Amino acid sequence: MSKKNRAEDRAARAAEARAAQQRAERRRTIRMATIVAAGMALVVLAGFLLTRALDTSTDVSAAPAGASEHGVTVGDPDAPHTVIVYEDFLCPFCGELEAATRDDFERLAEEGELLVEYRPFNLLERYGDYSPQSTNAFAVVLEESGPEVAKRFHDLLFDNQPSESGPFPDTQDLLDLAVEAGAEEDEVSEGILEVTMRDWVDDATAAAIEAGVQGTPTVILDGEVVQGLPQDILDAVLEATA
């Protein structure tokens, strides 16, 4: 091969290498754009969930604690102070509130100072079936196994709360948690697996909306909505019951 031909061959190989590098760079750019777009979508979703979940109102006209058909109570009905918690089992802020307040709420209930009613409803169905399915499972356990087991199941749902972006437990997972809480499997299996209490879920959701609840968690202390971070809410309850 002549010197000229060798030079042309090197030039051709160099051009091909540059073309290959450019193609690789374009593929990398496309991949990065896809990743960024997916990340932005998650940011938008998280932002919407944050805004929606924290979109509470002080203008809430809820039935008194212990008077709802769609909740479970803890404590003495004649306690001098009451707390109502409207919640969605998928809402991450409800999970944070539950973690921050459970021990103190239970202690105050045992001491006769506080009656707490938890009222789950379906706020976040647009992100999947978990919200209505978990609320349905709670309703089944409450009806078939009673309030004590329902409260333990309620606690386990928050202890095992999925991310709001999934993956989500299915109805069999919910059944397993119900049994762990103390429910008899043959009593709650059909209701949880077949989602037979969807009407209860819809009624609970309608009651929350009618009361003026706009987001979760919505916490009502002695008839007044309490807003803020979980610690702020707990501090308000501790101050009221001191």
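Per chain, residues are indexed from 1 in the order of the written sequence. Local features in this predicted model are restricted to residues of pLDDT 70 or higher, and side-chain atom pairs are both shown and tallied only at a pLDDT of 80 or more, whereas totals for entire chains, interfaces and linings draw on every residue. Only hydrogens and water are set aside when side-chain values are computed; all heavy atoms of the structure are taken into account.

Below, the discussion takes up the state of the cysteines. Simply put, disulfide is the name for a covalent bond between the sulfur atoms of two cysteines. When two cysteine sulfur atoms lie within 2.5 Å, the pair is treated as a disulfide. Summed over the entire model, instances satisfying the criterion amount to 0 disulfides. No disulfide involves Cys91; its nearest neighbouring cysteine sulfur is the one of Cys94, lying 3.1 Å away. Burial here depends on accessible area, computed with a 1.4 Å probe over protein chains only, as a share of the maximum for the residue type. Under 20% is buried, over 50% is exposed, and the range in between is partly exposed. Looking at Cys91, the relative accessible area reads 0%, which means it is buried. Note on Cys94: relative accessible area 2%, which makes it buried.

Below, the discussion takes up the pattern of salt bridges. Criterion for a salt bridge: a side-chain nitrogen of Lys or Arg within 4 Å of a carboxyl oxygen of Asp or Glu. Applying the stated criterion across every chain yields a total of 10 salt bridges. Between Arg102 and Asp155 there is a salt bridge, and its shortest N-O distance comes to 3.8 Å. Of this pair, Arg102 sits in helix α2 (residues 92-110) while Asp155 sits in helix α4 (residues 147-159), and the two are 53 residues apart along the sequence. Since its relative accessible area comes to 15%, Arg102 is described here as buried. A residue is classified by how much of its surface remains accessible, and Asp155, at 10% relative accessible area, is buried. Labels follow the DSSP assignment, with helices taken as runs of H or I lasting at least four residues and strands as runs of E lasting at least two, numbered in each case from the N terminus.

What follows is about unusual backbone geometry. Looking along the chain, the bond that leaves Gly166 and enters Pro167 is cis, with omega of 0°. As for its placement among the helices and strands, Pro167 is situated in the loop between α4 and α5 (171-181). Following Thr216, the chain continues to Pro217 via a peptide bond in cis, the omega torsion being -5°. Inspection of the secondary structure puts Pro217 in the loop between α7 (198-211) and β4 (218-221). Despite not being glycine, Val195 has its phi angle at roughly 50°, a positive value. One can find Val195 in the loop between α6 (185-193) and α7.

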